[in-house]
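Coordinates in review
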There are 2 protein chains.
Amino acid sequence: MSQQRHGSTPGNGPGERAGAVTAFPDLPEATIARLPEYLRALHNLGEAGGDTVSSEGLAAAAGVNSAKLRKDLSHLGSYGTRGVGYDVALLIEQIEYVLGLDQRRAVCLVGLGNLGHALAGYDGFASRGFKIVALFDADASKVGEEIQGLLVRHIEDLGRVAVEENIAIGVIATPADAAQAVADVLVDAGVTSILNFAPCVLSVPANVDVRKVDLAIELQILSFHEHRKASLTALPGGRSAPAGNQEAVGS
Amino acid sequence: MSQQRHGSTPGNGPGERAGAVTAFPDLPEATIARLPEYLRALHNLGEAGGDTVSSEGLAAAAGVNSAKLRKDLSHLGSYGTRGVGYDVALLIEQIEYVLGLDQRRAVCLVGLGNLGHALAGYDGFASRGFKIVALFDADASKVGEEIQGLLVRHIEDLGRVAVEENIAIGVIATPADAAQAVADVLVDAGVTSILNFAPCVLSVPANVDVRKVDLAIELQILSFHEHRKASLTALPGGRSAPAGNQEAVGS
DNA sequence: AGGCGCTTGTGAAGGTGTGCACAAATCGCG
DNA sequence: CGCGATTTGTGCACACCTTCACAAGCGCCT
Ligand SMILES: NC(=O)c1ccc[n+]([C@@H]2O[C@H](COP(=O)([O-])OP(=O)(O)OC[C@H]3O[C@@H](n4cnc5c(N)ncnc54)[C@H](O)[C@@H]3O)[C@@H](O)[C@H]2O)c1
Ligand SMILES: NC(=O)c1ccc[n+]([C@@H]2O[C@H](COP(=O)([O-])OP(=O)(O)OC[C@H]3O[C@@H](n4cnc5c(N)ncnc54)[C@H](O)[C@@H]3O)[C@@H](O)[C@H]2O)c1
């Protein structure tokens, strides 16, 4: 989860004037977190040749309950046809619009160590509408290195480059003790979304969104369940976990 | 029977365990997901020299609300002292016990491409009670390679090695189209917890836990918030917003 | 000993998310 | 044209989670 508030609308008492709708229906956060999964499933289905899909079919492909899926989709308007299902291409377009993926988003990556190198070479960025436009590191021996056709620049240049390239999203892959300083630099440069791989809490202004990916936390959660399962084997009437509990990171 | 131990007078040894291990079957999932964060914050505080910490202080370090933190800790029968706070060392021990981190957990990693190499070299595993004991790949040109002192083995050996090394947790870092097959192999080998980095849904038996880390999903969630923020700042004039209504696709 | 300030632990209220079950809508077909 | 099969969209009940507010407990000081 992000440690920053979303949708803060700070201090304004009554609802916003804006006679028309605010540009967005306020989607539940849980729904937003699932939309990318639906999108991926839809792309798979589309390539498989289907042009429509039922909520049941899409739900299975995305690993969720079909009622949940219908409710999620209903939040962004009715784009299904009763008795038929959802038009795959139309739904893809709709979800991509809501997620803002129709606009190419410029991303920068800070910290080109072990993890940073892997991320820089990851094709999952470009294939989903994101483009890494700049790489930064503080280590002089790394600056100048070329990775995937991109030059590693010194972090001091971040401010200038971020403005030039209109970077909105920054990815932090530095050690934890440098992460806050990097976040400060990103924020100063106008970046308003940060994906943090360093195991630490970042403090940022309220208008900046932070999401964290922490491998160790995931393992520790798994460890807990291992622990629980191990203790249950000794007990009679062992109960089984609900099926299909495919936890996603974050929330 | 699943009687919560402790409850005895304060002053009993912190390391005491009931003979029959009764884990905490009733811990809220949301609490479990936060315990690792508390643990990390506690380690930081401990190294900083503090021997006790208030819920306010720990909550700040972990980036959560203090009431939430107190309620979380109360679920595991926490040892706080009113008017003083929590004993850092004791709380660390408690949380590590609940998460099952007092037992070393053997982990194997499947798929040694870009990401797999980074993960294999990550010291955040060992420092938190996990140890990678085996590496597997299907590519003959990778098998035999030595990474961080570990030999890459062929995935066909997974079944045998998993039993030998008593592997409980498997990490999947293969392409998505191989992930399900790898998961099946892991499950057959007795692995009951899987951390999946491939962007796909895995189907596993009910007793196996799967957690997924998907970078693209994180970015897309950030993208949504960027989109929302951008549309909010564009509104004040009341002029027609860009793509004003969400029915941009209609007809 | 007693009072005082501080902090925990928790009841209660409100919010968010989930899943069932079903009415409404649509299509294909006779 | 009507009917039945199918599938969406959603009202509702429930479970879970979060946050507030405060009594109870603890240590310290006088
Ligand atoms: N390697 C992994 O598999 C992995 C997995 C999960 C999380 N992480 C986390 O990701 C982060 C990076 O891990 P890593 O293994 O790549 O570490 P690393 O030490 O290999 O790389 C860190 C990089 O950050 C650079 N750096 C340091 N301070 C900087 C600063 N102030 N500004 C810009 N760049 C700076 C360093 O020069 C180095 O290139 C760590 O916080 C780690 O805990 C790593
Ligand atoms: N690189 C990243 O930064 C990154 C980030 C997030 C997610 N991912 C995901 O992680 C996965 C791996 O990414 P990557 O960049 O390392 O890919 P990669 O192609 O570099 O590596 C994949 C590795 O898996 C091995 N493999 C393939 N089939 C296998 C099988 N059946 N059994 C065992 N091993 C097999 C391949 O030999 C190869 O070594 C992908 O699903 C990717 O989407 C990668």
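The name given to chain A in an unreviewed UniProt entry is Redox-sensing transcriptional repressor Rex, with Paractinoplanes aksuensis as the source organism. Chain A has a UniProt comment under Subcellular location (unreviewed entry) that states "Cytoplasm".

**Observations regarding the protein's contact with DNA strand D**
Neighbouring DNA strand D are 27 residues; S55, R70 and Y86 of chain A together with R34 and R82 of chain B lie closest to it. Protein-adjacent atoms of DNA strand D, using a 4 Å cutoff, are sugar or phosphate at a proportion of 61%. Here A30 of chain B contributes a backbone N or O atom positioned 3.5 Å from a phosphate oxygen of DNA strand D. Between DNA strand D and G83 of chain B there is a distance of 3.3 Å, counted from a base nitrogen to a backbone nitrogen or oxygen.

**Comments concerning helix 2 (residues 55–62) of chain B**
Residue and element names in this part refer to chain B. Along helix 2, the positions that sit buried rather than exposed are S55, L58, A59 and A62. Axial view of helix 2: buried residues confined to an arc of 100°, hence all on one face. Set apart from the buried face of helix 2 by more than 90 degrees, the exposed residues are E56 and A60. At its buried positions, helix 2 is contacted by helix 1 (29–47), strand 1 (52–53), helix 3 (66–75), strand 3 (85–87) and helix 4 (88–99). G63, located one to two residues past helix 2, shows a positive phi value of around 75°.

**A look at the side chain of D72 of chain A**
Residues and elements named next belong to chain A. Its place among the elements puts D72 in helix 3 (residues 66–75). Taking relative accessible area as the criterion, D72 reaches 2% and is therefore assigned buried. One polar contact links D72 to Y38, side chain to side chain, over a distance of 2.5 Å. Not counting the four nearest positions on each side in its chain, D72 is found in contact with T31, R34 and Y38.

**Some thoughts on the site of ligand 1**
Around ligand 1 sit 24 residues, and of these N114, L115, D137 and T174 of chain A together with Y122 of chain B come closest. At the site occupied by ligand 1, the surrounding residues belong to chains A and B. Interatomic distance of 2.8 Å between a backbone N/O atom of L115 of chain A and an oxygen atom of ligand 1. Separating an oxygen atom of ligand 1 from a backbone N or O atom of L119 of chain B is a distance of 3.5 Å. About the coverage of ligand 1: the protein hides 81% of its 830 Å² of free accessible area. Of all elements in the fold, only helix 5 (114–120) and helix 7 (176–188) of chain A together with helix 5 (114–120) of chain B reach the threshold of two or more residues within the shell around ligand 1. Per element, the largest residue contribution to the shell around ligand 1 is three residues, and it comes from helix 7 of chain A. Among the residues forming the shell around ligand 1, the class breakdown is 17 nonpolar, four polar and three charged.

Conventions adopted
- Each chain has its residues counted from 1, following the order in which its sequence is written.
- The order in which chains are written sets their letters, starting at A; the order in which ligands are written sets their numbers, starting at 1.
- In keeping with the predicted nature of the model, local features appear solely for residues at pLDDT of at least 70, side-chain atom pairs appear and are counted solely at 80 or more, and the whole-chain, interface and lining totals rest on all residues.
- Note that the side-chain values use all heavy atoms of the structure and ignore hydrogens as well as water.
- UniProt positions are given in the numbering used here, feature names are shortened, and annotations may be inferred rather than shown by experiment.
- Each residue is tested against the molecule or strand, and it is near if at least one of its non-hydrogen atoms lies within 4 Å.
- For this analysis, a polar contact is any N or O atom pair within 3.5 Å, provided that within protein one partner can donate a hydrogen and the other can accept it, and provided that sequence-adjacent residues contribute only side-chain to side-chain pairs.
- The buried label goes to any residue with under 20% of its type's maximum accessible area, the exposed label to any with over 50%, and the partly exposed label to all in between, with areas taken from a 1.4 Å probe on protein chains only.
- Note on conventions: DSSP H or I runs of at least 4 residues are helices, E runs of at least 2 residues are strands, and numbering of each starts at the N terminus.
- Note: the arc covers the axis-to-C-beta directions of the helix.
- Any two residues whose heavy atoms approach within 4.5 Å at even a single point are treated as in contact.
- Working definition of accessibility: Shrake-Rupley area with a 1.4 Å probe, residue cover restricted to the visible protein chains.
- Each residue is assigned to one of three groups, with Ala, Val, Leu, Ile, Met, Phe, Trp, Tyr, Cys and Pro labelled nonpolar, Asp, Glu, Lys and Arg labelled charged, and all others, Gly among them, labelled polar.

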